[in-house]
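# Structural features, examined
Spelled out from the first residue to the last, the chains are:
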Amino acid sequence: MTVMTRGPAVEAMTEKDHPAVLDISGLSKSYGPRKALDGVGFAIRAGEFVALLGPNGAGKTTLFQLMSGLFVADAGTLKIAGYDIRTDAVKALAHLGIVFQQPTLDLDVSVLNNMRFHGNLHGMGGKAMEARIHDELGRVDLQDRTNESARNLSGGQRRRVELARALLHRPPILLMDEPTVGLDPQSRRDLLSYVLELKGERDMAILWSTHLVDEAEKADRVIVLHQGHILKDGTPESVVKDAGAKDLYDAFVALTSGAAAA
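Numbers given for residues are sequential positions, taken from 1 along each chain in its written order. Where totals are concerned, whole chains, interfaces and linings use all residues; where local detail is concerned, this predicted model gives features only for residues with pLDDT of at least 70, and gives and counts side-chain atom pairs only at 80 or more. Derived side-chain values reflect all non-hydrogen atoms in the structure, with water molecules and hydrogen atoms excluded from consideration.

For the purposes of this entry, the term helix denotes a DSSP run of H or I that reaches at least four residues, the term strand denotes a run of E that reaches at least two, and both are numbered from the N terminus. The topology assignment puts Gly97 in strand E6 (residues 96-99). Here the alpha-carbon distance between Gly97 and Ile206, two residues 109 residues apart in the chain, equals 9.5 Å. Once residues lying within four places of it in the same chain are set aside, the contact partners of Gly97 are Ala166, His169, Pro171, Ile173, Leu174 and Leu175. Only heavy atoms matter for contacts: two residues are in contact if any of them lie within 4.5 Å across the pair.

If you want it as structure tokens, here you go:
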């Protein structure tokens, strides 16, 4: 099996235009005999939307668990905003916003208190925090639901609260782990469109994990992850061209089928 790592052209662009907001090198993680990640490396800069595209079991969730500090890698380095998560975990995670695949709202408290709890964890408080909560909820059209229990919201609305909460402390990088799972088609489109707007408005680095090719087509770069290895890292167009395929879907199928056969 041929394994692709971060290419020199991508690395040169990252270093020239911006310091990497997320920089990963040689990252490995095993669970017993199973290697979930094997020497993964890539970087993401400010204002870049990167899709981490892989089938179920590719290692996407493990990678997000390492980036969010839930688990520790067996080998390799992981830096967020220049801070190594092994030695400066608190500072590294302070620069990170994340929406997990599984719902994380406390359904028995109000939307407002879900937001306040997150703000307090990041050292926020007072009128400044309240103003920012109002602003972030307004941007996702939920400012009129602040006092309602999160349990009363639809799945799409809960996901929008989770996104507003992740943005509350204005992180330079946003991680989205399979964020559209369980959402209806319109909610999927709306969420992706809003995150694409954020990229430009806030110059954010965004890593969007998905197994859905149509979501990855919107990205500046696509990282194809399969069986713990990066198979390709490039623009959607370059991934299609390198695979000799007609579109990204066919390229994705060809890459992951070939890797499985190897």
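From this point, things continue past the structure.
Okay, the sheet that holds strand E8 (residues 205-210) next. Spatially, the six strands line up as an open sheet ordered E6-E7-E8-E3-E9-E10, and their pairing is mixed. Looking at strand neighbours, the two that pair on one side only are E6 and strand E10 (229-234), the edges of this open sheet. Here the average twist between neighbouring strands, direction ignored, is 15 degrees. Strands are treated as partners if at least two bridges between them are detected by DSSP. Relative to strand E9 (residues 221-226), strand E3 (residues 49-53) is paired through four bridges, and the arrangement is parallel. Its bridge partner lying in E9, Val50 is registered against Arg221. To get an axis, a line is fitted to the C-alpha atoms, and for a helix only the part in contact is used. The angle between two axes follows their N-to-C directions and goes from 0 to 180 degrees. Running at roughly 170 degrees to E6, helix H6 (residues 155-166) makes contact with E6 and strand E7 (173-177) of the sheet.

For the rest of this paragraph, the subject is the nonpolar core. Counting residues in each nonpolar core, the largest one holds 45 residues, and the members touching the most others are Leu163, Leu174, Met176, Val195 and Val222. A per-element tally of this core places helix H7 (residues 185-202) first, with five residues. Beyond its immediate stretch of four places on either side in the chain, Met176 contacts Phe64, Val99, Leu163, Leu191, Val195, Leu207, Trp208 and Ser209. Each nonpolar core is a collection of buried residues, namely Ala, Val, Leu, Ile, Met, Phe, Trp, Tyr and Cys, held together in the definition by side-chain atoms within 4.5 Å. Throughout, exposure labels follow a simple rule: accessible area from a 1.4 Å probe, protein chains only, divided by the maximum for the residue type, with under 20% read as buried, over 50% as exposed, and the rest as partly exposed. Ala58, Met67, Leu78 and Ala92 belong to the second largest nonpolar core, which has 30 residues in total.

This part covers the pairing of E10. Counting buried residues in E10 gives six out of six residues, a clear majority hidden from the surface. Following E9, the chain reverses through two residues before pairing antiparallel with E10; Gln227 in that reversal takes a positive phi of roughly 50 degrees.

This part covers the layout of surface pockets. Using protein atoms alone on a 1 Å grid, points that fit a 1.4 Å probe yet trap it form a cavity, whereas open point sets bounded by protein on both sides within 12 Å along at least five of seven lines form a pocket; residues with an atom within 4 Å of a point count as lining. Grid points are joined across faces, edges and corners, and a volume is the space filled by probe spheres set on the points. For the largest pocket, the calculated volume is near 440 Å³. The wall of the largest pocket is formed by 17 residues, among which Leu93, Leu96, Ile98, His118 and His122 lie closest to the centre. Every element with two or more residues in the lining of the largest pocket is listed here: helix H3 (89-94), E6, helix H4 (111-121) and H6. Considering the residues around the second largest pocket, the lining is formed by 14 residues, among which Val140, Asp141, Arg160, Asp190 and Leu191 are closest to the centre. A total of six residues in the lining of the second largest pocket trace back to one element, the largest contributor, which is H7. Partitioned by chemical class, the residues of the lining of the second largest pocket number four nonpolar, three polar and seven charged. Think of it as three bins: nonpolar holds Ala, Val, Leu, Ile, Met, Phe, Trp, Tyr, Cys and Pro, charged holds Asp, Glu, Lys and Arg, and polar takes everything else, Gly as well.

Take the pairing of strand E2 (residues 34-45) next. Note: strand E1 (residues 20-31) against E2, eight bridges, orientation antiparallel. When the sheet's bridge partners are listed, Ala20 is paired in E2 with Arg45. Between E1 and E2, which follow one another and run antiparallel, lie two residues, and Gly32 among them has a positive phi close to 65 degrees.

What follows covers unusual backbone geometry. Peptide bonds are, in most cases, trans, and in most cases residues other than glycine have a negative phi. The phi dihedral of Asp141 is positive, around 60 degrees, even though this residue is not glycine. As for its position among the elements, Asp141 is in the loop between helix H5 (126-139) and H6. Take Asp141: its relative accessible area is 57%, and that puts it in the exposed class. The phi dihedral of Arg170 is positive, around 55 degrees, even though this residue is not glycine. Within the secondary structure, Arg170 sits in the loop between H6 and E7.

This brings us to the environment of Ala92. Among the secondary structure elements, Ala92 is positioned in helix H3. Residue classification places Ala92 among the buried positions, given a relative accessible area of 0%. Between the C-alpha atoms of Ala92 and Gly69, which are 23 residues apart in sequence, the distance is 9.3 Å. In this structure Ala92 touches Ile80, Tyr83 and Ile85, once residues within four positions along its chain are discounted.

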